[in-house]
Amino acid sequence: MKKIEAIIKPFKLDEVKDALHEIGLQGLTVVEAKGFGRQKGHTELYRGAEYVVDFLPKVKIEVICSDDLAERAVEAITAAARTGRIGDGKIFITEVQDVVRIRTGERGEEAV
Ligand SMILES: Nc1ncnc2c1ncn2[C@@H]1O[C@H](COP(=O)(O)OP(=O)(O)OP(=O)(O)O)[C@@H](O)[C@H]1O
Ligand SMILES: [Mg+2]
């Protein structure tokens, strides 16, 4: 299993959520985040305004999925979140050792 953490522009959340739903992912976590990338100290557009700040509002999406689905999920997020402008975000992919579905006690991929 993989954990996919995607930092995206907040207004792209619905599109990314729909894209992930379309490829069959059933669960995800959304975290409000702040961050900066390479343009720290330079301007980035947010809601039509130019910001010169260290931290810009972002949304972090966390999805755990089977290895089979991970590449499709990354492609779906990339396509849905991309505007082509700076600040479009990043995706971090890591291995997940185990998952527990609390209600049923299922483990591993069955629990996802
Ligand atoms: N190396 C990193 N580690 C952790 N979070 C990061 C890292 N790089 C970017 N982020 C997060 O992703 C958000 C978006 O990054 P951003 O897309 O601006 O990256 P970038 O490398 O500057 O690319 P671009 O040149 O397209 O803007 C940041 O605000 C931050 O929250
Ligand atoms: Mg940037």
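Keep in mind that this is a model prediction, so the values were computed, not measured. (Residues numbered from 1 in each chain as written. Chains lettered and ligands numbered in written order. Predicted model: local features only at pLDDT ≥ 70, side-chain atom pairs only at ≥ 80, totals over all residues. Heavy atoms only, no water.)

Peer 1: Looking at this structure, how should I read the site of ligand 1?
Peer 2: Near ligand 1 lie 13 residues; those nearest to it are Arg-38, Gln-39, Gly-87, Gly-89 and Lys-90. Gly-35 is positioned such that a nitrogen or oxygen atom in its backbone is 3.2 Å from an oxygen atom of ligand 1. Take Gly-87: an N or O atom from its main chain is 2.7 Å from an oxygen atom of ligand 1. Here ligand 1 has 610 Å² of accessible area as a free molecule, and 70% of this is covered by the chains. Sort the elements by how many residues they give to the shell around ligand 1 and strand β6 (residues 89-95) lands first, with 3 residues. (Near = heavy atom within 4 Å. Polar contact = N/O pair within 3.5 Å; in protein donor to acceptor, adjacent residues only side chain to side chain. Areas by Shrake-Rupley, 256 points an atom, 1.4 Å probe, with all protein chains shown as cover. Helix = DSSP H or I, 4+ residues; strand = E, 2+ residues; numbered from the N terminus.)

Peer 1: I would appreciate a short explanation of the pattern of salt bridges in the present structure.
Peer 2: Side-chain pairs of opposite charge can arise where the charged atoms are in close proximity. Tallied over the full model, the rule gives 8 salt bridges. Close ionic contact of Lys-60 with Glu-62 constitutes a salt bridge, the shortest N to O distance being 3.2 Å. A salt bridge links Glu-106 to Arg-101, with the nearest nitrogen and oxygen atoms 2.9 Å apart. Within the structure, one salt-bridge network assembled from shared partners comprises Lys-2, Asp-67 and Glu-95. (Salt bridge = Lys/Arg side-chain N within 4 Å of Asp/Glu carboxyl O.)

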